[in-house]
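# Structural overview for review
As a plain string of letters, each chain reads:
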Amino acid sequence: MTSQQTHGHVNTYKNGCRCTACREANRIYQNAANARRRQDPAGADRAGHGKRSTYVNWFCRCLPCRAASANAQREQRERQKAGAK
C-alpha cells in the first residue's frame, strides 16, 4: 500500500488495509450494495436462478436457488468432516 492511499475508504480496504476505518468503510459499502440488490428483483433473473451465488448475492429464495444453496452447504459440511478425520 502506498502512502498516497487514504484510510477509511473502501478502495483502501480492497487493496489490503484492514485498519478499523477501512473495515468500517467496507462494511458501509457492502450494506449499501446489498440494499441496492434487494431493490432490484430482476437482478436475480439476470444473474441466473439455481446458483448459490444468486441466493447469496441477490437474496433470491426461489426453489432452484434454495436447492443450490442447500447443496453447497451440504458439500461444505462434508468437506469439513472429511478434513477433520
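Read on for a plain summary of the structure. (Residues numbered from 1 in each chain as written. Predicted model: local features only at pLDDT ≥ 70, side-chain atom pairs only at ≥ 80, totals over all residues. Heavy atoms only, no water.)

### Thoughts on the side chain of Asn-26
Threshold: Per the convention used, a helix needs a DSSP run of H or I reaching at least four residues, while a strand needs a run of E reaching at least two, with both numbered from the N terminus. Contacts are assigned to residue pairs that have any heavy atoms within 4.5 Å of one another.
On the secondary structure map, Asn-26 appears in helix 2 (residues 20-38). Not counting the four nearest positions on each side in its chain, Asn-26 is found in contact with Val-10 and Tyr-13.

### Description of helix 2
Our working rule: By definition here, a helix of n residues has an expected span of 1.5 Å times n minus one. Relative accessibility decides the category of a residue: with a 1.4 Å probe and only protein chains considered, values under 20% of the type maximum give buried, values over 50% give exposed, and everything between is partly exposed. Note that the arc is defined by the directions from the helix axis to the C-beta atoms.
Between the first and last C-alpha of helix 2 there are 27 Å, a value that for 19 residues agrees with the 27 Å anticipated at 1.5 Å per step. Within helix 2 the residues assigned to the buried category are Cys-22, Ala-25, Asn-26, Ala-33 and Arg-37. Down the axis, helix 2 shows its buried residues gathered within 105° of arc, on one side only. Those residues of helix 2 that are exposed and angled more than 90 degrees off the buried face are Thr-20 and Arg-38. Buried residues in helix 2 make contact with helix 1 (10-14) and helix 4 (52-58).

### Considerations on the pattern of salt bridges
Pairing is possible between side chains of opposite charge, provided their charged atoms come close. Note the threshold: In the sections that follow, a salt bridge refers to a side-chain nitrogen of Lys or Arg positioned within 4 Å of a carboxyl oxygen of Asp or Glu.
All chains considered together, the criterion is met by 2 salt bridges. The residue Glu-24 makes a salt bridge to Arg-27 at a minimum N-O spacing of 2.6 Å. Taken as a pair, Glu-24 and Arg-27 lie in helix 2 at a separation of 3 residues, close to a single helical turn. A residue is classified by how much of its surface remains accessible, and Glu-24, at 35% relative accessible area, is partly exposed. A salt bridge links Asp-40 to Arg-46, with the nearest nitrogen and oxygen atoms 2.4 Å apart.

### Focus on unusual backbone geometry
Located in the positive-phi region is Phe-59, a residue other than glycine, with phi close to 60°. Relative to the helices and strands, Phe-59 is located in the loop between helix 4 and helix 5 (63-84). Residue classification places Phe-59 among the partly exposed positions, given a relative accessible area of 23%.

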